[in-house]
Amino acid sequence: MPTVSSANPLVDVTEAMDCLEQLVDLLPQAPAFPVGGASETFQIFAPALTEDPRYEKIRDALDAAQADLAGDSSVAARCRDRAMAFLRAGRPLDALHELHEVKINWWHGDTLRGALLTMRMIGKIYGDLDLQQAARQYALTAAAVAASPVGQGNQDLLPATLTQAMAHTHAAGHWGDALALGGLAFMAHHLFAENPEDYPSHGYIQQLDFHSSMVMLSAERFRPALMPALRELTDADYLADLDEHLPLIRPSFTQTAQQFIQNADDQLTGRPFSDVGAHRDMNFAALGTTWRIRCDNTRATVLAAERFTAAVQISLAELAPHDPLFFPQNILVRVITGTPLGGGDRVTFRPNNHAIDCTVILSTYSASTDHTAFERELSTTVVHLLAHLSARPTEAFMSLVKTTFARGLLHKLISGRPYDEAAGLLAEAHYDTLRRSAMPPWSDTAFQPPTALQLARPITPGPGYDRTRALDMIRDNYTDLPQVLSETLPRVLADPDTRAGLQELREEGWLDWQILVALANMAANLRLQQASPGSVPRDYPTRFFQTPESHYPSALPLNAFTADNLRAQMDVTLLAVAQRRWKLGSAMTTPNLQALKELLTARYGYATDDVPHRDLLNGAPDEGGALIAPGT
């Protein structure tokens, strides 16, 4: 189907949407109207129309009208066509939303095959976004349904679908699991593929052999102690096949250990064999956050951690278009299984001013599990954690979450089967083998997972940012704060040592208004320390900023205004600046202030917004004590 890009200057989006909105408003009164032509035109122009706030209203109304005529299958086909248009336009997040709708509308006996193929496409898009655990969930769920009585007649999809799951597992660095899944895909190939001995006619075989060969050759050369364990993990027939294949490609595997790990770091979202040892790690990055998830390497705990990781990744992809405004920082998560003591929260945070550091407690899955309660536990746990990562007010962030649920987040998290059921293909013995194995680290440096372009840390002006308002507040700083510091500021500027500290801050990039804010807040704290017990007014420190400094009987000590003390003061003051100017904050009791500064610098003009003023270090305040004339 032809499509039109949003960059096409010939498309008058506003006029087109005005007409389409009028049409869908009138459709209930005109059931005989031939909606097919308008619907087809909308399909063609969809990538150019999505920025208009009426897009979803019009899309849903046209889909509903088509469904009345041709049923769910017609709606699914329309969603599929839009998804392909979005993919061609380089908009995978929009394509994902449409494909999830395809999955639902084709989830019927006659069209189930289309739904399974769609799930594989969804998995591929998640994989392209470097969200490998979400990708793996969708591939494994498609395989589980194809292998079940419900999916009867679709078993021929199993070899390619399991191979895809293996590829996502390989990309996540879980190479022991990948080899085991490769063996299952090989078995499925010989059970269900047409002409299974004709390997060249089955494209997935090449992918299967490549990943398995890489696992075996890298272990053979760089981690030979792993070889006995690896040979325990997979099917004997597949091992025999690999043993015939490996001598053909071994001569071309000439990388040094350094070259190998550099290539792996560039291409994977986890280091090779990160599923070996007492613990296993899951890494990924999105929207400025870098996730490092760890769990004990036992079957039930690994499945719980994978379930959680996939849900986080899917949620981040859904939140991305709505700008959740996450602090740019590491998220350190330890996943354990069980029940919180005393009915407490399933997410507990440890004090840390440099990262989010938490433990997540999840239930294990069994055949008797209440699926509704299980799904609720997963979704509420993920939302609770994500709410602590955002600089938006809690109410504003939860409004975004509500929007994602209205757009189908819950069915995207579940994907047709409980995760543990779909992914539970490997026995406890598999995890025991990996847990008992040991491997030295590949490098002393921490692994940095890649970030897909579509999930990169946003750098556009942040929600609520108003440069005009920000500059007005900065003018107030230059007008008011020198008067608040009418006694202290002249002494600070006249003292060579203190002045040298201010010059040091300026060379680090501090703006004059930032220096003034730090000086004023430090002065307020020093005055508080000087006050006698019971004499501090209830409205302090507001009272300090309204009281002439000459009112105080004693001068402040200049040795308190060192560069280090001002840096520490500004770290604390930063939260107040963010709250007062842009209504931003942190739900953490120990917020990451460096991350907040990076966020404000990147998206709120913190390091650049300024107004013309007298130079703090080389000029003099006016007669009224200001560095800028009032009303300027």
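All chains use their own residue numbering, which begins from 1 and follows the written sequence. Two thresholds apply to this predicted model, a pLDDT of at least 70 for residue-level local features and 80 or more for giving and counting side-chain atom pairs, whereas whole-chain, interface and lining totals are computed over all residues. Heavy atoms throughout the structure, all of them, feed into the side-chain values; hydrogens and water do not.

Undergrad: What should I look at first to understand the overall build of the protein chain in this one?
TA: Counting from the N terminus, the helices are DSSP H or I runs at least four residues long and the strands are E runs at least two residues long. The number of helices and strands found in the protein chain is 26 helices and five strands. Seen through its principal axes, the protein chain has C-alpha atoms that stretch 95 × 75 × 50 Å. Relative accessibility decides the category of a residue: with a 1.4 Å probe and only protein chains considered, values under 20% of the type maximum give buried, values over 50% give exposed, and everything between is partly exposed. The proportion of buried residues among the 632 residues of the protein chain is 53%. It only takes one pair of heavy atoms within 4.5 Å for two residues to be counted as in contact. Within the protein chain, contacts between residues separated by at least 24 positions form 75% of all contacts whose residues are at least 6 apart in sequence. Residues scored as positive are Lys and Arg, those scored as negative are Asp and Glu, and His as well as the terminal groups of each chain are ignored. Charge positions are represented by NZ for Lys, CZ for Arg, CG for Asp and CD for Glu. Distance between charge centroids for the protein chain: 4 Å, based on 51 positive and 73 negative side chains.

Undergrad: What exactly am I supposed to notice about the pairing of strand β5 (residues 356-362) here?
TA: Most of β5 sits inside the fold, with seven of its seven residues counted as buried. Across the two faces of β5 the burial is the same, with I356, C358, V360 and L362 and D357, T359 and I361 all buried. At least two DSSP bridges between two strands are needed for those strands to be called paired. Pairing geometry for strand β3 (residues 330-337) and β5, over seven bridges, is parallel. In the strand pairing of β5, R334 is matched with T359. Alignment of strand β4 (residues 347-349) against β5, held across three bridges, turns out to be antiparallel. The partner of T348 across the bridge, within β5, is T359. Between the end of β4 and the start of β5, which pair antiparallel, lie six residues.

Undergrad: Hey, could you run me through the nonpolar core in this one?
TA: Grouped burial of nonpolar side chains is what soluble globular proteins tend to show. Only buried residues count toward a nonpolar core, which is a set of Ala, Val, Leu, Ile, Met, Phe, Trp, Tyr and Cys residues joined through side-chain atoms within 4.5 Å. Y126, L230, W291, F308 and V333 are the most contacted members of the largest nonpolar core, which totals 130 residues. Setting aside anything within four residues of it in sequence, one finds L230 in contact with G176, L179, V215, M216, A219 and F273. Within the second largest apolar cluster, 49 residues are counted, among which are L493, A563, L596 and L616.

Undergrad: It is not clear to me how the side chain of S379 should be interpreted in this structure. Could you clarify?
TA: Tracing the sequence through the fold places S379 in helix α15 (residues 371-387). Discounting chain neighbours no more than four positions away, the residues touching S379 are F405, L410 and L413.

Undergrad: Where do I start with the state of the cysteines in this structure?
TA: Working definition: the covalent bond between the sulfur atoms of two cysteines is a disulfide. Cysteine sulfur atoms are paired as a disulfide whenever they fall within 2.5 Å. Scanning all chains against the criterion turns up zero disulfides. In this structure C295 is not part of a disulfide, and its nearest cysteine sulfur, from C358, lies 14 Å away. For C295, a relative accessible area of 0% corresponds to the buried category.

Undergrad: Got a minute to help me understand the packing of aromatic side chains in this structure?
TA: Two measures describe an aromatic ring pair: the distance that separates the ring centres and the angle between the ring planes. When the centres of two rings from Phe, Tyr and Trp lie within 6.5 Å, Trp using its six-membered ring, the rings pair. Their planes under 30 degrees apart give stacked, over 60 give edge-to-face, and anything left gives tilted. A complete count under the given rule lists 14 aromatic pairs for this structure. Ring centres 5.8 Å apart and planes at 45° place the aromatic pair Y126 and Y138 in the tilted group. Here Y138 lies in helix α7 (residues 132-147) and Y126 lies in helix α6 (residues 112-128), a separation of twelve residues in the sequence. When its relative accessible area of 0% is taken as the criterion, Y126 is described as buried.

Undergrad: Would you take a moment to explain the sheet that holds β5 for this structure?
TA: In space, the five strands of this open sheet follow the order β1-β2-β3-β5-β4, with mixed pairing throughout. Two strands in the sheet have a free side with no partner beyond their single neighbour: β1 (279-286) and β4. Averaged over all adjacent pairs, the angle separating strand axes in this sheet is 20°, with direction ignored. Under this scheme, a helix contributes an axis fitted over its contacting stretch, all axes are lines through C-alpha atoms, and angles between N-to-C directions fall in the 0 to 180 degree range. Along the sheet, helix α14 (residues 299-319) contacts β1, β2 (289-296), β3 and β5; its crossing angle with β1, the most-contacted strand, is approximately 0°.

Undergrad: Is there a simple way to think about the pattern of salt bridges in this case?
TA: Side chains that carry opposite charge are capable of pairing whenever their charged atoms lie near each other. Should a side-chain nitrogen of Lys or Arg be within 4 Å of a carboxyl oxygen of Asp or Glu, the pair is scored as a salt bridge. Taken as a whole and assessed by the stated rule, the structure comprises 35 salt bridges. Across the pair R82 and E98 runs a salt bridge whose closest N-O atoms are separated by 3.2 Å. With R82 in helix α4 (residues 72-88) and E98 in helix α5 (residues 92-105), this residue pair connects regions lying 16 residues apart in the sequence. No difference in accessibility class separates R82 from E98, as the two residues are buried. One salt bridge connects D615 with R506, and the closest N-O pair in it is separated by 3.2 Å. With D615 in the segment after α26 (593-603) and R506 in helix α22 (residues 496-507), this residue pair connects regions lying 109 residues apart in the sequence. With relative accessibility at 21%, the residue R506 sits in the partly exposed group. Via salt bridges that share partners, D18, E21, D25, D52, R54 and K57 belong to a single interconnected network.

Undergrad: Would you explain the environment of L96 in this entry?
TA: Residue position: L96 is located in helix α5. Along the backbone, L96 and E318 are 222 residues apart, and their C-alpha atoms lie at a distance of 9.0 Å. Setting aside anything within four residues of it in sequence, one finds L96 in contact with I122, I125, Y126 and L129.

Undergrad: Help me understand unusual backbone geometry in this model?
TA: In this structure, D130 takes a positive phi of about 60° despite not being glycine. In this fold, D130 is placed in the loop between α6 and α7. We note that K583 has phi near 60°; this positive angle belongs to a residue other than glycine. Within the secondary structure, K583 is located in the loop between α25 (563-582) and α26. A relative accessible area of 48% places K583 in the partly exposed class.

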